[in-house]
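Commentary on secondary and tertiary structure
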Amino acid sequence: MARRRILVADDEEGIRESLNLILGEEHELIFTRDGEETLNRLRGETFDLALLDIKMPKLDGLEVLRRLQQTPTTTPILMLTAYQSVELAKEALKLGAVNYLPKPFEREQILSAVNEILEQ
C-alpha cells in the first residue's frame, strides 16, 4: 500500500511524537501546531486524512472545521481531544468530522480509527 499523507494538527509535542511513533513508519506525516497553519495547509494541499486537535492556539479545531465549510475539503478529518465532552463530539461531527477520538488514546485505537477512515 502506498504511503498516505496525513496532516497531524496538535500543539502538544508529546502527542505529535506519539503519533509519529505509531503512524510515521507507514505514512507520511505533516505536522502543524496551530489552527491557522492547519487551515492554510488543508486549503492548499491534498491529504488522505487529517488528525485535528480540538484545543489549539490561534483557531481551535471546531473553528477550523467551521471555516472549512466555506471552502470544502475532501480530506476526512478525525478529531482528537482531551476533553471527554459529548457536546464537543456532536458539534465536531455536525461540522464535518468523520470521527472523534478522546485523548489519551491507545496505540490500537488510533491505528484502528486511521485505518478505518483510509480504507473508505
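In this text the structure is predicted, and so the values were computed from the model without any measurement. (Residues numbered from 1 in each chain as written. Predicted model: local features only at pLDDT ≥ 70, side-chain atom pairs only at ≥ 80, totals over all residues. Heavy atoms only, no water.)

1. Regarding the packing of helix 2 (residues 35-44) against helix 3 (residues 61-70)
Here helix 2 crosses helix 3 at 30°, and the two axes come no closer than 10 Å. As the angle between them shows, helix 2 and helix 3 are arranged roughly parallel. Helix-helix and strand crossings are classified by hand; for helix 2 and helix 3 the assignment is right-handed. Of the residues in helix 3, those touching helix 2 at Gly35, Thr38, Leu39, Leu42 and Arg43 are Val64, Arg67, Leu68 and Gln70. By residue class, the composition of the contact of helix 2 with helix 3 is 4 nonpolar, 3 polar and 2 charged. (Axes fitted to C-alpha atoms, helices over the stretch in contact; angles between N-to-C directions. Helix = DSSP H or I, 4+ residues; strand = E, 2+ residues; numbered from the N terminus. Parallel < 35°, antiparallel > 145°, perpendicular 65-115°, else oblique. Left-handed = near helix turned anticlockwise from the far one by under 90°. Contact = heavy atoms within 4.5 Å. Nonpolar A, V, L, I, M, F, W, Y, C, P; charged D, E, K, R; others polar.)

2. Re the sheet that holds strand 3 (residues 49-53)
Across the sheet, which stays open at both edges, the 5 strands sit in the order 2-1-3-4-5 with parallel pairing between neighbours. A single partner strand is all that each edge strand has here, and the edge strands are strand 2 (28-32) and strand 5 (99-102). Going across the sheet, the axis of each strand differs from the next one's by a mean of 20°, ignoring polarity. Sheet topology places strand 4 (residues 77-81) next to strand 5; 4 bridges connect them, and they run parallel. Following the sheet pairing, Leu80 is matched in strand 5 by Leu101. Where helix 3 meets the sheet, its contacts fall on strand 3 and strand 4, and the angle it forms with strand 4 comes to roughly 160°. (Pairing = 2+ DSSP bridges.)

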